[in-house]
Amino acid sequence: MTGLGAVFRPQLPPERLRAVVRLADASGLEELWLWEDCFREGGISAAAAALAWSEHVRVGVGLLPVPLRNVAITAMEVATLDRLFPGRAILGVGHGVQDWMGQVGARVESPVTLLREHLDALRALLRGERLTTDGRYVKLDDVVLDWPPAGPVEILAGATGPRTLRLSGAAADGTILTASTPPDGVRRARQLIDEGRESAGRTEPHKVVVYLLTATGPDAAARLRAELADEGVESVPDLGVAGDAGTVAKAVQRLAEAGADTVILQPTGDEPDPEGFVRFAAEEVRALVP
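Residues numbered from 1 in each chain as written. Predicted model: local features only at pLDDT ≥ 70, side-chain atom pairs only at ≥ 80, totals over all residues. Heavy atoms only, no water.

Draft legend 1. Looking closely at the pattern of salt bridges. Using the criterion set out here, one finds 21 salt bridges in the structure. Asp142 serves as the salt-bridge partner of Arg130, at 3.3 Å between the closest nitrogen and oxygen. Taken together, the positions of Arg130 in the loop between helix H5 (111–126) and strand E5 (131–134) and Asp142 in strand E6 (residues 139–143) put the pair twelve residues apart, joining distant regions of the chain. The class for Asp142 is partly exposed, based on a relative accessible area of 45%. Among the salt bridges present, the one from Glu271 reaches Arg223, with a minimum N-O distance of 3.6 Å. Taken together, the residues Glu271 in the loop between strand E11 (262–267) and helix H10 (274–285) and Arg223 in helix H8 (residues 220–230) connect sequence positions 48 residues apart. (Salt bridge = Lys/Arg side-chain N within 4 Å of Asp/Glu carboxyl O. Helix = DSSP H or I, 4+ residues; strand = E, 2+ residues; numbered from the N terminus. Buried < 20%, exposed > 50% of the residue type's maximum accessible area, 1.4 Å probe, protein only.)

Printed below as a string of structure tokens:
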């Protein structure tokens, strides 16, 4: 079965999150995803609140920009969430938007090197290993978590370019693809991810999560066109979907056939009814996606 979820976009104020989370939990939504966009809402703090306000829905953070965090802090946060809410937190890490990283003085010369070092150290710490490493960016001296996760924790990586997609296959447990990825882009991403997995000798499953820009309601087509234009991708074919549950379900299925394991419906930034959007995903679209 293809996984299905929805995004709580950070254009909404934090105080709106509680109602959306409760609706997501009550409606049976599988995954609710949060973003850590600069300079809006903190990913870990929002995820902790969402998990505490719910009982069943899994909460994803896609993604935590690694230039902003020492890897030991990332490991502590992930381990704490997993021990408090076993199996319900999904964490993704990535380069972050480079202009934003530059605004806070965190931009690095080689984002790919940093992400590789961060992923390797993070996954080792979450396995309970005692780690000493002296990389270009990640430097740890005899670091071990007092409270590591009780079991395995998957760490996903956000990726777009070929080098990062191969890196994700080699060093992460899954990959997050943006809503600017059409079905053909998912197929190509899967190929590059698999090249990275093969180079690292990895044979375990690798989850691919894809955002799908989605609009529904009487003005859906106009809102979708406006957002695609605002992002500068209006000329890319097969991006986004506007329409009823059947139309959206067909778009989800096209991404699944291209290689997506989970599709996360991403409302437009001006979605007028966030709670209704979550209900639409959980109750109407879910029933039509095999």
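That shown, we press on.
Draft legend 2. Molecular detail of unusual backbone geometry. Residue Phe39 is bonded to the preceding Cys38 through a cis peptide linkage, with omega at 0°. By secondary structure assignment, the location of Phe39 is in the loop between strand E2 (31–34) and helix H2 (43–52). Here the bond from Gly62 into Leu63 is cis, since omega is 20°, no more than 30 degrees from zero. On the secondary structure map, Leu63 appears in strand E3 (residues 58–65).

Draft legend 3. How the structure looks around H2. Those residues of H2 lying buried are Gly43, Ile44, Ala46, Ala47, Ala50 and Leu51. Viewed along the axis of H2, the buried residues span an arc of 160°, placing them on a single side of the element. Looking at H2, the residues exposed on the side facing more than 90 degrees away from the buried face are Ser45 and Ala52. The inward-facing, buried residues of H2 contact helix H1 (17–27), E2, E3, helix H3 (71–84) and strand E4 (89–94). (Arc of directions from axis to C-beta. Contact = heavy atoms within 4.5 Å.)

Draft legend 4. How the structure looks around the packing of aromatic side chains. Evaluated as defined, the whole model comprises three aromatic pairs. Ring plane angle 70° and centroid distance 5.6 Å describe the contact between Trp35 and Tyr211, whose orientation is recorded as edge-to-face. One end of the pair, Trp35, is in the loop between E2 and H2; the other, Tyr211, is in strand E9 (residues 207–215), with 176 residues separating them in the sequence. Through successive ring pairs, a cluster of aromatic residues spans Trp33, Trp35 and Tyr211. (Phe/Tyr/Trp six-rings, centres within 6.5 Å; stacked < 30°, edge-to-face > 60°.)

Draft legend 5. Quick look at the side chain of Ser54. Looking at the secondary structure, you find Ser54 in the loop between H2 and E3. A polar contact is formed between the side chain of Ser54 and the side chain of Arg88, at a distance of 2.4 Å. In this view, Ser54 contacts Val21, Asp25 and Arg88; residues no more than four positions away in its chain are not counted. (Polar contact = N/O pair within 3.5 Å; in protein donor to acceptor, adjacent residues only side chain to side chain.)

Draft legend 6. Structural detail: the packing of helix H7 (residues 183–200) against helix H9 (residues 245–258). The N-to-C vectors of H7 and H9 enclose an angle of 25°; their axes lie 8 Å apart at closest approach. Viewed along their axes, H7 and H9 adopt a mutual orientation that is roughly parallel. For the pair H7 and H9, the sense of crossing is right-handed. Here Pro183, Val186, Arg187 and Arg190 of H7 come into contact with H9, specifically with Arg254, Leu255 and Ala258. A breakdown of the residues in the contact of H7 with H9 according to their chemical character gives four nonpolar, no polar and three charged. (Axes fitted to C-alpha atoms, helices over the stretch in contact; angles between N-to-C directions. Parallel < 35°, antiparallel > 145°, perpendicular 65-115°, else oblique. Left-handed = near helix turned anticlockwise from the far one by under 90°. Nonpolar A, V, L, I, M, F, W, Y, C, P; charged D, E, K, R; others polar.)

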